[in-house]
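Tertiary structure, described
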Amino acid sequence: MPYWMLKSDKGISGEKFDMFINICSANSTAISFSKMLYADYDNKPCTVEQLLNPYLITSIESRRWYGYSEIHSQMIQLIYAANDNVKRIILECYDDVFKKKQTETFKGNVCLN
């Protein structure tokens, strides 16, 4: 993702998010989600993780995030196959690249982290 998109106050949302996910899924074989694991916290899979579970390729423990130095001591990358089902789940659940805006379909039913 280009750096200027990360610096934007709005990020990528709405129709632009749909376009972004469509472009990514058409040109990728896998998609990843980062998940922080907190001590003394029940780390049950959220609704989106449960929906995406059939497409999980692997999970990788990592202390780094795509070239950045350590940002959290307990982090995993969940790697999923990039296919139409995964794209549909993402677009049905989220409306922005930072997972801050949920779609009305899943509002209140899906974890944001």
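Described in the following lines is the structure provided in the data block.

Rules used throughout
- Residues numbered from 1 in each chain as written.
- Predicted model: local features only at pLDDT ≥ 70, side-chain atom pairs only at ≥ 80, totals over all residues.
- Heavy atoms only, no water.
- Salt bridge = Lys/Arg side-chain N within 4 Å of Asp/Glu carboxyl O.
- Helix = DSSP H or I, 4+ residues; strand = E, 2+ residues; numbered from the N terminus.
- Buried < 20%, exposed > 50% of the residue type's maximum accessible area, 1.4 Å probe, protein only.
- Phe/Tyr/Trp six-rings, centres within 6.5 Å; stacked < 30°, edge-to-face > 60°.
- Pairing = 2+ DSSP bridges.
- Axes fitted to C-alpha atoms, helices over the stretch in contact; angles between N-to-C directions.
- Core = buried A, V, L, I, M, F, W, Y, C linked by side-chain atoms within 4.5 Å.
- Contact = heavy atoms within 4.5 Å.

A complete count under the given rule lists 2 salt bridges for this structure. Taking the shortest distance from any N to any O, the salt bridge between Lys35 and Glu49 comes out at 2.9 Å. Note that Lys35 is positioned in strand β1 (residues 30–36) and Glu49 in helix α3 (residues 47–52), a separation of 14 residues in sequence. Both residues of the pair, Lys35 and Glu49, belong to the buried class. Ionic pairing is found between Glu92 and Arg88, a salt bridge with its closest N-O pair at 3.3 Å. On the criterion of helical spacing, the pair formed by Glu92 and Arg88 is a turn pair, its members being 4 residues apart in helix α4 (residues 84–93). For Glu92, a relative accessible area of 33% corresponds to the partly exposed category.

Quick look at the packing of aromatic side chains now. Applying the stated rule across the entire model yields 1 aromatic pair. With centroids separated by 6.1 Å and ring planes inclined at 75 degrees, the aromatic side chains of Phe33 and Tyr80 adopt a geometry described as edge-to-face. Of this pair, Phe33 sits in strand β1 while Tyr80 sits in strand β3 (residues 75–81), placing them 47 residues apart in sequence. A single burial state applies to Phe33 and to Tyr80, both of which are buried.

Once that is clear, we can look at the sheet that holds β1. The 3 strands are arranged β1-β3-β2 in an open sheet whose pairing can be described as antiparallel. Of all strands in the sheet, those with a lone pairing partner are β1 and β2 (56–62), marking the two edges. Neighbouring strand axes in the sheet, compared pairwise and without regard to direction, differ in orientation by 20 degrees on average. Relative to β3, β1 runs antiparallel, the two being bridged by 7 bridges. The residue bridging Met36 from the neighbouring strand is Met75, located in β3.

For soluble globular proteins, the rule of thumb is that nonpolar side chains tend to be buried together. Ranked by size, the top nonpolar core spans 17 residues in total, and within it Phe17, Val48, Leu52 and Ile90 carry the most contacts. Those elements that place two or more of their residues in this core are α2 (15–26), α3, β3 and α4. Here the element with the most residues in this core is α4; it accounts for 4 residues. Those residues within four positions of Leu52 in sequence are excluded, and the remaining contacts are Phe33, Tyr80, Val86 and Ile89.

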